[in-house]
Amino acid sequence: MEIIKSFLRKILGPIYNPLKDLYYKLIYLLFKTFKSKKGVLIYIGINTGESFKRIYYKYKIVIGFEPNPENFKKLEKYNQIKDVFLYPYAVSDKNGVGFLHLPSNKNNAAAASLSDFTSAREGIFSIDKIKVKIVSLNEVLKKHKINFIDMYVSDIEGYDFKVLSSMSEYINKKRIRKIQVEAFQNHVKNPYKSASNYEKQFDKLLNKNYDKNGSGWGTLKNGVFHSDRSDHFSIDLLYELK
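The structure contained in this document is the topic of the report that follows. All values derive from a computational prediction rather than experimental measurement. (Residues numbered from 1 in each chain as written. Predicted model: local features only at pLDDT ≥ 70, side-chain atom pairs only at ≥ 80, totals over all residues. Heavy atoms only, no water.)

### Quick notes on the overall build of the protein
Just so we agree on the cut-off: Under the DSSP-based scheme used, a helix requires at least four consecutive residues in state H or I and a strand at least two consecutive residues in state E, with every element numbered from the N terminus. Think of it in three bands: residues with accessible area under 20% of the maximum for their type are buried, residues over 50% are exposed, and the middle band is partly exposed, with areas taken using a 1.4 Å probe on protein chains only.
Per the secondary structure count, the protein includes 8 helices and 11 strands. Taken across its 242 residues, the protein has 45% of its residues classed as buried.

Spelled out as structure tokens, the structure:
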């Protein structure tokens, strides 16, 4: 798929992105017309919305979060859609205020974190920070009266485990159908000063009620597991109710 995308970018040049946006708008309209939406999507760390726009239209209710103000400007349009609720907040286990650390690798959009960086990732350090509001996910779900989650996605640079582990009531009562998170690969040194987010922690948390059905990078498929890669400190994991 990535090879095809690279080929199209090269052939289409500057019209690639507008055509891609038009494609997803068409998919949204077709799905809205011919398919029935179902369930609830929770999406934490939407970034600029590239992955989000591929799935949000499948769900009746969508609740999402993106604390980087530059990113959120690109997402505000989704709040015009019925039953889509996107918030410009960071998410943790409790309400508060924190700082979003912007990294030196010029990937502020994707790699900013509530934690400062260690020396584990060579050459990456905090060059600036933005004060952000932090909300408790449990409180937001109570506000929206969400009792069951069909798809839970998080990509929050080191805080995925902290947030998911605060959802013990949903996990223990089997009230989340599918869970996709970003984790540290077990063999790497911790890249963050105030977060622990290893794959083995998720396995232990979810072992009783969930099967691990996939791992890799980007869009995950059931039954497809990619081996650890030394050139990646993180890996995406997919779990599903037993």
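### Notes on the sheet that holds strand S10 (residues 224-225)
Using the following cut-off: Strand pairing is assigned whenever DSSP detects at least two bridges linking the two strands. It only takes one pair of heavy atoms within 4.5 Å for two residues to be counted as in contact. Orientation is described by axes fitted as lines to C-alpha atoms, over the contacting stretch for helices, and by angles from 0 to 180 degrees between their N-to-C directions.
Spatial ordering of the open sheet is given by S3-S2-S1-S7-S8-S11-S9-S10, a layout of 8 strands whose pairing is mixed. Across the chains shown, the open sheet's two edge strands, defined by having one partner strand only, are strand S3 (84-87) and S10. Bridge count between strand S1 (residues 40-44) and strand S2 (residues 61-65): 5 bridges; the pairing is parallel. Paired with Val40 across the two strands is Ile61, which belongs to S2. Packed on one face of the sheet, helix H8 (residues 199-206) meets strand S8 (176-184), strand S9 (210-216) and strand S11 (234-241) and runs near 10° to S11.

### Quick word on the nonpolar core
Under the convention used in this document: Nonpolar core, defined: a set of buried Ala, Val, Leu, Ile, Met, Phe, Trp, Tyr and Cys residues in which side-chain atoms within 4.5 Å join the residues together.
With 47 residues, the main nonpolar core has Leu137 and Tyr152 as its most contacted residues. Element by element, the count of residues in this core is highest for S8, at 5 residues. Sequence-distant contacts of Leu137, that is, excluding residues within four places in its chain, are made with Ile42, Ile44, Phe65, Val91, Ser92, Tyr152, Val163 and Met167. The next biggest cluster of nonpolar side chains, apart from the first, holds 18 residues, and it includes Phe52, Tyr56, Phe72 and Tyr78.

### Brief notes about the packing of aromatic side chains
Operational definition: Working definition: a ring pair exists when centres of Phe, Tyr or Trp rings (six-membered ring for Trp) sit within 6.5 Å. Plane angles under 30 degrees give stacked, over 60 give edge-to-face, the rest tilted.
Applying the stated criterion across every chain yields a total of 13 aromatic pairs. Both rings, one in Phe65 and one in Tyr87, keep their centres 5.7 Å apart while their planes meet at 25°; by these two values the pair is stacked. Residue Phe65 is found in strand S2, and its partner Tyr87 is found in strand S3; the two are separated by 22 residues along the sequence. With respect to burial, Phe65 and Tyr87 carry one shared label: buried. Considering the side-chain rings of Phe161 and Phe202, the 5.3 Å spacing of their centres and the 90° angle between planes classify their relative orientation as edge-to-face. Of this pair, Phe161 sits in helix H6 (residues 160-165) while Phe202 is found in helix H8, placing the two residues 41 residues apart along the sequence.

### Description of empty space enclosed by the protein
Basically, it comes down to this: Buriedness of a pocket was judged along seven lines, with at least five required to meet protein on both sides within 12 Å; pockets are open sets of points on a 1 Å grid over the protein atoms alone, cavities are sets where a 1.4 Å probe fits but cannot get out, and lining residues have an atom within 4 Å of a point. Grid points are joined across faces, edges and corners, and a volume is the space filled by probe spheres set on the points.
Evaluation of the coordinates by the stated rule reveals 2 cavities of 30 Å³ or more. If you add up the space inside the second largest cavity, you get close to 40 Å³. Lining the second largest cavity are Lys37, Tyr56, Tyr59, Lys60, Val62, Ile81, Lys82, Asp83 and Val84.

### Looking at the sheet that holds strand S4 (residues 90-92)
Pairing between the strands of a sheet comes from backbone hydrogen bonds, and it takes one of two forms, parallel or antiparallel. Strand order in the open sheet made by the 3 strands is S4-S6-S5, with mixed pairing throughout. Unpaired on one side and paired on the other, S4 and strand S5 (96-103) mark the two borders of the sheet. Direction aside, neighbouring strands of the sheet carry axes that sit 50° apart on average.

### Details of the environment of Ile61
Note that Ile61 resides in strand S2. Assessed through its relative accessible area of 27%, Ile61 is described here as partly exposed. When near neighbours in sequence (up to four residues on either side) are disregarded, Ile61 contacts Gly39, Val40, Leu41, Asp83, Phe85 and Ile146.

### So, the side chain of Ser215
Position of Ser215 relative to the elements: it lies in strand S9. Residue Ser215 is classed as buried on the basis of its relative accessible area, which comes to 5%.

### Considerations on the pairing of S2
S2 sits mainly inside the fold: 4 of its 5 residues count as buried. In this sheet, S3 lies alongside S2 in parallel orientation, the contact comprising 4 bridges. Note on S3: the bridge partner recorded for Val62 is Val84.

### Let's talk about the pattern of salt bridges
This is how the line gets drawn: Note on definitions: salt bridges are taken to be side-chain nitrogens of Lys or Arg within 4 Å of carboxyl oxygens of Asp or Glu.
Under the definition given, this model contains 9 salt bridges. The partner of Asp150 in a salt bridge is Arg177, and the shortest N-O contact between them spans 3.3 Å. Here Asp150, found in strand S7 (residues 149-154), pairs with Arg177, found in strand S8; they are 27 residues apart in sequence, far enough to count as distant. Its relative accessible area of 15% is what places Asp150 among the buried residues. Notably, a salt bridge pairs Lys212 with Glu199, separated by 2.6 Å at the nearest N-O pair. Separated by 13 residues along the polypeptide, Lys212 in strand S9 and Glu199 in helix H8 bring together distant segments of the chain. For Lys212, a relative accessible area of 24% translates into the label partly exposed. One salt-bridge network, held together by shared partners, links Glu169, Lys173 and Arg175.

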